[in-house]
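# Working through the structure, step by step
Each chain, letter by letter, is given below.
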Amino acid sequence: MRVLEKIKNKDLINKDLIYSFLNNLLFNKITRKLLIALLEKLVISYLKPGKKNKFSSTNTKVQHEKKLIALSIINSVKRAIEGNALSKEVSKVVLKLWAGAIITNRAKDKIINNFYEKNGTEPPFFLVISPGHECNLHCQDCYAASESRGHKLSWEILDKLITDAKKAWGIKLIVFSGGEPFLYKSNGKDILDIALKHNDLLFLAFTNGTIINSEILKKIRLSKNLTPALSVEGMEKTTDNRRGIGVFSKVVSSLENLKIQGVPAGISVTVNRNNYNEVLSDEFLDFFFIKQKIFYAFYFQYLPMGRNADFSLMPTPYQRLEFRKKLLDIIEKRRLFILDFWNHGTLVNGCIAAGRSGGYLHIDWNGNVMPCVFIPYSSGNILEIYENGGNITDIWENPYLVSIRKWQKNHGYGKEYSKSNKLGNLLIPCPYRDHYSDFLNIIEKNKAIPQDVSADELLKDLNFRKNMLEYEKELAEIFNKEWNENFLRISNKLRNSNK
């Protein structure tokens, strides 16, 4: 990490040449082994208990989990290169952008420092945009309730949003959701034209993976700064059951084509009460990580919202804990880069929504601004703000989002860990899913408006409310015990193992 910081701050040396040199080392069979070993040692040293840096934690167990995920990322780079799933040209661009994003120093970043001086906190790290509501699939319980036709942001607004966020916040990453983002078209342009224009940013697109044709593949390879996460629900039978017959084979075909192009890709998985064992099985992990050579996997535990929201599909609190323990064991033993929402609040210090420092905001196809993709309640619209001559920071200052950020601080973000059963438990970080009673108070206080029929119906559904409040209570009982016993009471054995 210190090596990267020196690269970042060394004005006399052309950083592009240094990144090219490091990239050449990675793609040389002999030097790659040495460089990977060096990076692993740097990570272990950087995340050693007692170290004080922006990635450190006062909790040894949390620090240990951060170390494991960092080592899994390094291993993913190694596997991708050795499996010919990452081209040298793409790697060079990604290395430069990610290194610049990770080692950003507030004191040397004028935009971030100005924001901090004014607001007492750093700005969001990224922005999630759902540019269009249109989708070619009709998944039976789509969280966004996507349609075959739908609203969308204009190209001018999409470009303005990203430019605005760069100037106001110095963001490093744009995440596209939807609707199906590769269906977005405005003025003859698409999301890949945005990636090409804003080549100083990283892009991630959550896609159903069924329409990645040769033209899209060519533009992804040309941009070099966008990675697609393709959605699956498990193996073929499970995926096709939710998404439609033949979808799994199309996703696999797209992954194989992306692999040929040397573009790093991953998968996005909705974990529910029925598939939570399947998506951690050796069959599933071997198929995608070993055979398809994916770079990462994002696991999103099912949250009832959108089309045909079904509370009975939510993993039980016990299943959630069991899933967390099993996944942590897999990451440690197999070094696979897997992020689990919401179980990995430990890695990011809790909830990252509502424009928190290091976090994000979500803006949908109508310009409505929401704290999170999975919280479809808004009290502001970016189109209206632009019409009135404002900018993106005006929505960041919205009382609704401010209330959530205040809740985050009370729950543990930015504070030393509490010995209380309630405060500071990063295993239950979500105000909506994990603390529904608090969420209802925030919604009522700020008069946040549901953004679709389903969101409105759920808010009024007394049976749903009862289920969520009971879930919250059971979750607290299980996860407060886990937090107190395995995080607050840290063993000397774990401390010594990290030295």
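Structure shown above.
What this report covers is the structure whose coordinates are included nearby. (Residues numbered from 1 in each chain as written. Predicted model: local features only at pLDDT ≥ 70, side-chain atom pairs only at ≥ 80, totals over all residues. Heavy atoms only, no water.)

A few words on empty space enclosed by the protein. Tallying each qualifying case throughout the model produces 1 cavity of 30 Å³ or more. What lines the largest cavity is simply A85, L255, L258, K259, V263, A265, Q292, K293, I294 and F295. Here the lining of the largest cavity is built from residues that sort into 7 nonpolar, 1 polar and 2 charged. (1 Å grid on protein atoms, 1.4 Å probe; cavity = no way out; pocket = protein on both sides within 12 Å on 5 of 7 lines; lining within 4 Å. Points joined across faces, edges and corners; volume = space filled by probe spheres on them. Nonpolar A, V, L, I, M, F, W, Y, C, P; charged D, E, K, R; others polar.)

Enumeration according to the criterion identifies 21 salt bridges in this entry. Here R221 makes a salt bridge to E89, at a shortest N to O gap of 3.4 Å. Note that R221 is positioned in helix α9 (residues 214-223) and E89 in helix α5 (residues 88-102), a separation of 132 residues in sequence. Between K197 and D159 there is a salt bridge, and its shortest N-O distance comes to 2.6 Å. Residue K197 is located in helix α8 (residues 191-197), and its partner D159 is located in helix α7 (residues 155-169); the two are separated by 38 residues in the primary sequence. Residue classification places D159 among the buried positions, given a relative accessible area of 13%. Linked through salt bridges whose partners overlap, the residues forming this network are K185, D190, D193 and K219. (Salt bridge = Lys/Arg side-chain N within 4 Å of Asp/Glu carboxyl O. Helix = DSSP H or I, 4+ residues; strand = E, 2+ residues; numbered from the N terminus. Buried < 20%, exposed > 50% of the residue type's maximum accessible area, 1.4 Å probe, protein only.)

Relative to the elements of secondary structure, L196 occurs in helix α8. Sequence separation between L196 and L222 is 26 residues, and the spatial gap between their C-alpha atoms is 7.9 Å. In this view, L196 contacts K219, L222 and S223; residues no more than four positions away in its chain are not counted. (Contact = heavy atoms within 4.5 Å.)

Further remarks concern the environment of D190. Within the fold, D190 resides in the loop between β2 (173-176) and α8. Assessed through its relative accessible area of 8%, D190 is described here as buried. Setting aside chain neighbours within four positions, we find D190 in contact with W155, Y184, K185 and K219. For D190, the side chain forms a polar contact with the side chain of K219, separated by 3.2 Å. (Polar contact = N/O pair within 3.5 Å; in protein donor to acceptor, adjacent residues only side chain to side chain.)

Further remarks concern the nonpolar core. Of all hydrophobic cores here, the largest spans 154 residues; its most connected members are Y299, Y377 and Y432. The residues contacting Y432, other than those within four sequence positions of it, are L303, P304, M305, F374, I375, Y377, F439, L458, F464 and M468. (Core = buried A, V, L, I, M, F, W, Y, C linked by side-chain atoms within 4.5 Å.)

Aromatic ring pairs are defined here through the distance separating the ring centres and the angle between the ring planes. This structure, assessed with the given rule, holds 28 aromatic pairs. An angle of 90 degrees between the planes, with centres 5.6 Å apart, marks the rings of Y432 and Y436 as edge-to-face. As far as burial versus exposure is concerned, Y432 and Y436 are alike and both buried. Among the aromatic residues, those joined into a ring-pair cluster are F206, F295, Y296, F298, F300, F337, F341, W342 and F374. Positioned above the aromatic ring of W396, the side-chain terminus of R405 is 3.9 Å from the ring centre. (Phe/Tyr/Trp six-rings, centres within 6.5 Å; stacked < 30°, edge-to-face > 60°. Lys NZ or Arg CZ within 6 Å of the ring centre and 35° of its normal.)

The next thing to look at is a nonpolar patch on the surface. Together, F55, W98 and I102 give the surface a local cluster of nonpolar side chains, amounting to about 240 Å² of exposed area. With respect to the helices, strands and loops of the structure, F55 is situated in the loop between α3 (29-46) and α4 (60-82). (Patch = residues over 30% accessible without salt bridge, like charges linked within 9 Å, V, L, I, M, F, W, Y side chains within 5 Å. Areas by Shrake-Rupley, 256 points an atom, 1.4 Å probe, with all protein chains shown as cover.)

With that settled, consider unusual backbone geometry. A cis amide bond, omega 15 degrees, links G178 with the succeeding residue G179. Its place among the elements puts G179 in the loop between β2 and α8. Even without being a glycine, A354 presents a positive backbone phi close to 65 degrees. Along the chain, A354 turns up in the loop between β7 (338-341) and β8 (362-363).

Take it as geometry only, folks, not as evidence of what the structure does.
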